Amino acid sequence: MSICINCGAQMSDGSKYCPKCGFPFDISNQRLGNLTIEWEGQWMLIDAKVHIWADGNKIGSYSFKKGFEVTIPITSAQMKIGVKCSIRSYQPILRMNPFEDHTLHLIYSRITGGFDFILNDNSGKRIQ
């Protein structure tokens, strides 16, 4: 059995299309895209660390104050990204075309103390 990278449904090994969403199974000739996660940084007296995960796998720890940019491969059409800084955590599920490059802009609200994001496709169009 195989797993559909678009919706996560189980597929028979001989299937050409996903039985649930119709996504083509033979993607050997297509390049999967990359997700660039950007954080512009936030002024603070101390420099906390921002910890990033993708689908449960730790990507790294970065500067809250200085900002960062990290690029990771897109593994499916729905990826769960984890962001944690101090006691605040945020775990959005990103829905995107796995064969295109995307940019995730992290946003921090000083009012609520929470994170938010803007997800853009490779042409700069906002998706989420």
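Structure report, in brief. Note that this is a predicted model, so its numbers are computed, not measured.

Some remarks on the overall build of the chain
Assigned secondary structure in the chain consists of 0 helices and 11 strands. The C-alpha extent of the chain, read off along each of the three principal axes, is 60 × 30 × 20 Å. Across the 128 residues in the chain, those meeting the buried criterion constitute 38%. For the chain, restricting intrachain contacts to residue pairs at least 6 apart in sequence, the fraction spanning at least 24 positions comes to 45%. Per element, the accessible surface of the chain, about 7800 Å² overall, is 50% carbon and sulfur. Side-chain charges of the chain comprise 14 positive and 11 negative groups, with the mean position of each set lying 9 Å from the other.

Here we look at the nonpolar core
With 24 residues, the main nonpolar core has Leu-35, Ile-37, Phe-68, Ile-81, Leu-104 and Leu-106 as its most contacted residues. Going through the elements one at a time, strand E3 (34-39), strand E4 (49-54), strand E6 (68-73), strand E7 (78-85), strand E10 (102-108) and strand E11 (115-120) are the ones with two or more residues in this core. The biggest single contributor to this core is E7, with 4 residues. Residues contacting Ile-81, with those up to four places away along its chain left out, are Leu-35, Trp-53, Ala-54, Ile-72, Tyr-90, Gln-91, Pro-92, Leu-94 and Leu-104. One finds Cys-4, Met-11, Phe-23 and Phe-99 within the second-largest nonpolar core, a separate group that totals 6 residues.

Focus on the sheet that holds E3
The strands that make up a sheet pair up through hydrogen bonds in the backbone, lying either parallel or antiparallel. Read across the sheet, 4 strands follow the order E6-E3-E10-E11 without closing on themselves; strand pairing throughout is mixed. Each edge of the open sheet is held by one strand with a lone partner, namely E6 and E11. Between one strand axis and the next, the sheet turns through 20° on average, direction left out of account. Relative to E6, E3 is paired through 6 bridges, and the arrangement is antiparallel. The residue bridging Leu-35 from the neighbouring strand is Ile-72, located in E6.

How each quantity is defined
- Residues numbered from 1 in each chain as written.
- Predicted model: local features only at pLDDT ≥ 70, side-chain atom pairs only at ≥ 80, totals over all residues.
- Heavy atoms only, no water.
- Helix = DSSP H or I, 4+ residues; strand = E, 2+ residues; numbered from the N terminus.
- Buried < 20%, exposed > 50% of the residue type's maximum accessible area, 1.4 Å probe, protein only.
- Contact = heavy atoms within 4.5 Å.
- Areas by Shrake-Rupley, 256 points an atom, 1.4 Å probe, with all protein chains shown as cover.
- Lys, Arg positive; Asp, Glu negative; His and termini not counted.
- Charge placed at Lys NZ, Arg CZ, Asp CG, Glu CD.
- Core = buried A, V, L, I, M, F, W, Y, C linked by side-chain atoms within 4.5 Å.
- Pairing = 2+ DSSP bridges.
- Axes fitted to C-alpha atoms, helices over the stretch in contact; angles between N-to-C directions.

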